[in-house]
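Single-letter residue listing:
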Amino acid sequence: MKRRDFLATAAATTAAGLLSGCNESNRQAIDYSKHPGKKSVADKNVNVNYNKKVKINLATSWPAHFPIMGTGVDEFAQNVKRASGGSLEIKIHAKNTLIPALAVFDATSSGQIDAFHSGPYYWKGKNSAFSLFSGIPFGMTAEEINSWMLYGNGMKLWRKLYARYNLHPLMGGNTNIQMGGWFRKPIRSLADMQGLKMRIPGLGGETFAKMGVNPILLPAGEIYTSLERGVIDATEWVGPALDMKMGFYKVAPYYYSGWHEPGSILELTFNKPRWAKLGSEHQAIIEMASSQMNLNMTSQFHYENTKALTLLKEKGIKIYNFPDDVNAAGKKAVREVLGELSAKNPDFKEVSDDIKSFLSEAEVYSKASLHHYLNIREG
Ligand code: CA
């Protein structure tokens, strides 16, 4: 469906869905054949049977009701239920309750479950290009990612690659810029990074490795203790809100601003044949609700991070910036990582080149607008 058609359909469907509410008698009172969206969607699986409930099993990589990521999915499911008049139910299976946290991609690909909520960088072992949809060191911000995804080539490329795995992705949130992490000792120069054992996954980890860091992968539950005992020297996690809940400030008090994950997206991905079997109205409701989830989660991260940083500062935590030689080495390292992965994988090259081309223009614009404005606002 063309985007314009979708918007027309979506607006009409939402209006009808919201008007109908959850009340059976109200719902029957609406004549769907007369609603304005009818014409534009009449060629496809229209006319959801409102007497037959459709259920989508969705597995997440997060614990139940996990702050922001988990509660955002809860809200999405509730919105889908409300907008569909109860005809579409998203049944959420939290991490490891039905599917192990990092098996959700395969389980959805095979059709064992219908959908998942997670992050694309977890699947870089399947195709290194997937990590590019999450966030790249010195890459796009959340706002730029949305712009590239929705109006540039991002979504087109993502869907093309995921189709090979029977998957249909939608955006499902963004952490916004992540912090550089918590360090047991201050970083005064690039020399202090040599041999440092740091929990840092993804392209950030590969970039840090080139700078002399020893990247370690650890399950979330083991990070605090490892940091406390000196098994690792540093960890990145997300941002002030989620970091504070993990308590890292108690054992590694040097908190750094970062550039390794300037905007990491979360995904809501469906089994493609299952998606195709959904009625157009249900597809439209999911598309709208996921769009709202994407926006709301991004906004909530921003809000909660703002509040949490104030609290951390009240606890005496100071924010540091990496020294210039660390930043310069990081920029050089990420160019090497992207170059090497592009040489190995044509999919990676296609996506990476497209991002590079988008970003070269976006940088000019952000320098002339947001960057300039923020400098003046803070002055
Ligand atoms: Ca992170």
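Along each chain, residue indices are assigned from 1 in the same order as the chain's sequence is written. Whole-chain, interface and lining totals are the exception, using all residues; otherwise, since this is a predicted model, local features are given only for residues with pLDDT of at least 70 and side-chain atom pairs are given and counted only at 80 or more. Each side-chain value is worked out from all heavy atoms of the structure, with water and hydrogens disregarded.

Caption draft 1: Quick look at the confidence of the model for the protein chain. A residue's pLDDT is simply how confident the predictor is in it, with values from 0 to 100. Mean pLDDT for the protein chain: 89, with 87% of residues reaching 70 or above. Per-residue pLDDT stays below 50 along residues 1-43; that stretch engages in 46 contacts with residues further than four places along the chain or on separate chains. Residue contacts follow a heavy-atom distance rule, with two residues in contact if any of their heavy atoms lie within 4.5 Å.

Caption draft 2: Examining the sheet that holds strand S9 (residues 254-256) more closely. The criterion for strand pairing is that DSSP finds at least two bridges linking the strands in question. What counts as a helix is a DSSP run of H or I of at least four residues, what counts as a strand is a run of E of at least two, and both are numbered from the N terminus. Overall, mixed pairing links the 6 strands, which are arranged S7-S6-S8-S5-S9-S11 in an open sheet. Edge strands, defined here as strands with exactly one partner in the open sheet, are strand S7 (214-216) and strand S11 (319-320). Where strand S5 (residues 181-183) lies against strand S8 (residues 234-235), 2 bridges are found, and the strand directions are antiparallel. When the bridges of S8 are listed, Trp182 appears paired with Thr235.

Caption draft 3: The arrangement of the packing of helix H7 (residues 154-163) against helix H14 (residues 346-378) in detail. Lines are fitted to the C-alpha atoms to define the axes, a helix being fitted only along its stretch in contact, and any angle between axes, read from their N-to-C directions, falls within 0 to 180 degrees. The N-to-C vectors of H7 and H14 enclose an angle of 165 degrees; their axes lie 11 Å apart at closest approach. Taken as axis vectors, H7 and H14 run roughly antiparallel relative to one another. H7 and H14 meet at a crossing whose hand is left-handed. Across from Leu157, Lys160 and Leu161 in H7, the residues of H14 making contact are Asp347, Glu350, Val351 and Asp354. For this scheme, ten residues count as nonpolar: Ala, Val, Leu, Ile, Met, Phe, Trp, Tyr, Cys and Pro. Four count as charged, namely Asp, Glu, Lys and Arg, and the remainder, Gly too, count as polar. Among the residues making up the contact of H7 with H14, the classes are represented as 3 nonpolar, no polar and 4 charged. Angle categories are assigned with fixed cut-offs, so that under 35 degrees is roughly parallel, over 145 is roughly antiparallel, 65 to 115 is roughly perpendicular, and the rest are oblique. Crossings are sorted by hand: turned counterclockwise from the far helix by less than a right angle, the near helix makes the crossing left-handed, and turned clockwise it makes it right-handed.

Caption draft 4: Geometry of unusual backbone geometry. Of note in the backbone geometry, His65 takes a positive phi value of approximately 55 degrees without being a glycine. With respect to the helices and strands, the residue His65 is situated in the loop between strand S1 (54-60) and helix H4 (69-83). Working definition: with a 1.4 Å probe on protein chains only, accessible area under 20% of the residue-type maximum means buried, over 50% means exposed, and in between means partly exposed. Judged by its relative accessible area of 56%, His65 is exposed. The phi torsion at Phe138 lies on the positive side, around 60 degrees, for a residue other than glycine. Considering the arrangement of structural elements, one finds Phe138 in the loop between strand S3 (115-118) and helix H6 (142-150). Residue classification places Phe138 among the partly exposed residues on the basis of a relative accessible area of 26%.

Caption draft 5: Structural context of the coordination of the calcium ion. Donor atoms from the polypeptide that bind the calcium ion are Gln178 (OE1), Glu236 (OE), Glu236 (OE), Trp237 (O) and Glu261 (OE), placed at 2.2 to 2.8 Å. Site description for the calcium ion: donor spacing in sequence, Q-x57-E-W-x23-E. With Gln178 in the loop between strand S4 (167-174) and S5 and Trp237 in the loop between S8 and helix H10 (240-246), the pair connects residues that are 59 residues apart, well separated along the chain. Donor atoms: N, O and S within 2.8 Å of the metal, or within 3.2 Å for Na, K and Ca. Because water is excluded, sites can look incomplete.

Caption draft 6: Looking closely at the sheet that holds S1. The strand order S2-S1-S3-S10-S4 describes an open sheet built from 5 strands, whose pairing is mixed. The strands lining the two open edges of the sheet, one partner per strand, are strand S2 (88-93) and S4. In this sheet, neighbouring strand axes are inclined to one another by 25 degrees on average, regardless of whether the strands run parallel or antiparallel. As paired strands, S1 and S2 are joined by 6 bridges and run parallel to one another. Residue pairing in the sheet places Ile56 in a bridge with Ile90 of S2. Seen against the sheet, H6 touches S4 and strand S10 (265-271) and runs at an angle of roughly 155 degrees to S4. The strands touched by helix H12 (residues 280-314) within the sheet are S1, S2, S3, S4 and S10, with S4 carrying the most contacts at an inclination of about 30 degrees.

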